[in-house]
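The lines below spell out each chain.
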Amino acid sequence: PHSDLLEPPSTSYTITAPSYEIRSDLIDKIQNTPFRGEAEENPYTHLRDFEALCNTFRIKGVPPEAIRWKLFLFSLDGAAKKWYDRYAGTVGGDWGRLKEELCGRYFPLSKIRTYRAKIIAFTQDEGESLGHAWERMCTYFYDGPNLGISESIMLQHFVGGLTPQWALTVDTSA
């Protein structure tokens, strides 16, 4: 990075490029949807969106993990930024460890248990369409950590929790 620009933290990944520049418009895009660490926010969703944005470009000689490491600070605000300031130095510049620490901090075990319970005890809400019920189930299954539940088991709980009318429709179409 240029010395006249904001200097991102050091990374553990080997950068072979003699020099590189991260465009300011990319940083602006990243800053448009910050993760603040608020209770209703999901760090897994934030990381998925952040990594998708980072995957839209490459810099020769800079590993993708190094790019993510250097840009991540720009995606944080509020309590999450304060958390980063305290803990980023403890993971030795490792993007994978930083992600694990963030998710451990902002997606506690209580939330994981809640997601698991919502899958296992899934019931379709009265008047809820099949599509909305499926979207809700997918939110529990895909928008967090690996819950140790296979897709086939998740599908069994989904169909088992449908109203009798929708369960019959799904069974006859399968």
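Residues numbered from 1 in each chain as written. Predicted model: local features only at pLDDT ≥ 70, side-chain atom pairs only at ≥ 80, totals over all residues. Heavy atoms only, no water.

A. Representation of the confidence of the model for the protein in the model. Per-residue pLDDT for the protein averages 90, and the proportion of residues at 70 or more is 95%. Low pLDDT, under 50, characterises residues 1–5; the stretch is placed with 7 contacts to residues that sit more than four places away or in other chains. (pLDDT = per-residue confidence, 0-100. Contact = heavy atoms within 4.5 Å.)

B. Main features of the nonpolar core. Ranked by size, the top nonpolar core spans 31 residues in total, and within it Leu71, Phe72, Tyr84 and Leu98 carry the most contacts. If you list the elements that add at least two residues to this core, you get helix H1 (24–32), helix H2 (43–54), helix H3 (64–72), helix H4 (78–87) and helix H5 (95–106). Excluding its chain neighbours within four sequence positions, the residues that come into contact with Leu98 are Trp69, Phe72, Trp83, Tyr84, Ala88 and Val91. Phe107, Ile119, Leu162 and Val170 belong to the second largest nonpolar core, which has 16 residues in total. (Core = buried A, V, L, I, M, F, W, Y, C linked by side-chain atoms within 4.5 Å. Buried < 20%, exposed > 50% of the residue type's maximum accessible area, 1.4 Å probe, protein only. Helix = DSSP H or I, 4+ residues; strand = E, 2+ residues; numbered from the N terminus.)

C. Inspection of the packing of aromatic side chains at higher detail. Following the criterion strictly, the structure yields 13 aromatic pairs and no others. Taken together, a centroid distance of 5.4 Å and an interplanar angle of 80 degrees make the contact between Phe35 and Tyr106 edge-to-face. Placement of Phe35 in the loop between H1 and H2 and of Tyr106 in helix H5 is noted, with a sequence separation of 71 residues between them. With a centroid separation of 5.4 Å and an interplanar angle of 40 degrees, the aromatic rings of Phe122 and Phe158 are classed as tilted. Here the residue Phe122 occupies a position in the loop between helix H6 (109–120) and helix H7 (130–142), and Phe158 occupies one in helix H8 (residues 151–160), the gap between them amounting to 36 residues. (Phe/Tyr/Trp six-rings, centres within 6.5 Å; stacked < 30°, edge-to-face > 60°.)

D. Focus on the environment of Ala66. With respect to the helices and strands, the residue Ala66 is situated in helix H3. A sequence separation of 29 residues divides Ala66 from Trp95, and the C-alpha atoms of the two residues are 7.4 Å apart.

E. The environment of Ala88, seen in detail. By the secondary structure assignment, Ala88 is in the loop between H4 and H5. Here Ala88 falls in the buried class, since its relative accessible area comes to 9%. Leaving out residues up to four positions away in the same chain, Ala88 has contacts with Trp69 and Leu98.

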